[in-house]
Amino acid sequence: MPRQRCCGLIDDAIVCQTFIPLGQTYLEEINIKLEELEAIRLKDKIGLDQVDCAASMGISRATFQRILGAARSKIASALVEGRPIIIRGGHYLMKNRVFECVGCGHVWEVVPCAAGGKHGYEIPCPMCGSMKKMRINKGSKRFCNHGHHEETK
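The following refers to the structure shown. Because the structure is predicted, anything quoted here is derived from the model rather than measured.

**Re the overall build of the chain**
Counting secondary structure elements, the chain contains four helices and ten strands. Going residue by residue from the N terminus, the α and β elements of the chain occur as β-β-β-α-α-α-β-β-β-β-α-β-β-β. Across the 153 residues of the chain, 31% fall into the buried class. The long-range share in the chain, meaning contacts at least 24 apart out of those at least 6 apart in sequence, stands at 59%. Carbon and sulfur atoms provide 57% of the accessible area of the chain, an area that totals close to 9500 Å².

**A closer look at the pairing of strand β7 (residues 107-110)**
Only one face of β7 is covered, namely the one carrying Trp108 and Val110; the face carrying Val107 and Glu109 has none of its residues buried. Sheet topology places strand β6 (residues 97-101) next to β7; four bridges connect them, and they run antiparallel. If you follow Arg97 over to β7, its bridge partner there is Val110. A loop of five residues connects β6 with β7, the two strands running antiparallel in sequence, and Gly105 in this loop sits at a positive phi of about 80 degrees.

What counts and what doesn't
- Residues numbered from 1 in each chain as written.
- Predicted model: local features only at pLDDT ≥ 70, side-chain atom pairs only at ≥ 80, totals over all residues.
- Heavy atoms only, no water.
- Helix = DSSP H or I, 4+ residues; strand = E, 2+ residues; numbered from the N terminus.
- Buried < 20%, exposed > 50% of the residue type's maximum accessible area, 1.4 Å probe, protein only.
- Contact = heavy atoms within 4.5 Å.
- Areas by Shrake-Rupley, 256 points an atom, 1.4 Å probe, with all protein chains shown as cover.
- Pairing = 2+ DSSP bridges.

Shape descriptors only; they carry no functional weight alone.
Next up, the structure:
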C-alpha cells in the first residue's frame, strides 16, 4: 500500500489562475497544482535553495525536488507547445497569517479560511477593532488595505 502524500504548505492564494496564449484556446490545457506553483515561486522567483524551499513548504527535500521538477516540466511544455495553463487543485495547506495592528501594535495569527471563509484581511484587530493592519511575513510587513497589499521596508 503506498504512503499517503504529504501536504505542501503554501503562503498565499494566487492572483491569476489561467494563462492562455493568443489564438490557442482550442489546445488541451496543462494543469499546474498550487503546491507546484509554490515550489516555482520559492525556488525560481525568490531564489531560495532547495533545503530552505522544502522547509518553507514543510516537506522533504526529495519531495520538493519532485514537485519542482513536475512544475518546470509542465510549464516548459505549455510554453513550447503554446498550450493554456490552468492553476488549481493539488495537495496543500495554506499557512497561517500573522498580522500587526497599526493602531495598537497587537500581533495575532489567523488560520486560513477562518471566521466563515475569511483569510484574515477582512478581520479586525481582536484588541481594538481597527481594520488598519500589516501582514507580517518572516520579518517583512505588508500594509493591508481592502485586499491591496504594499510592501513596507
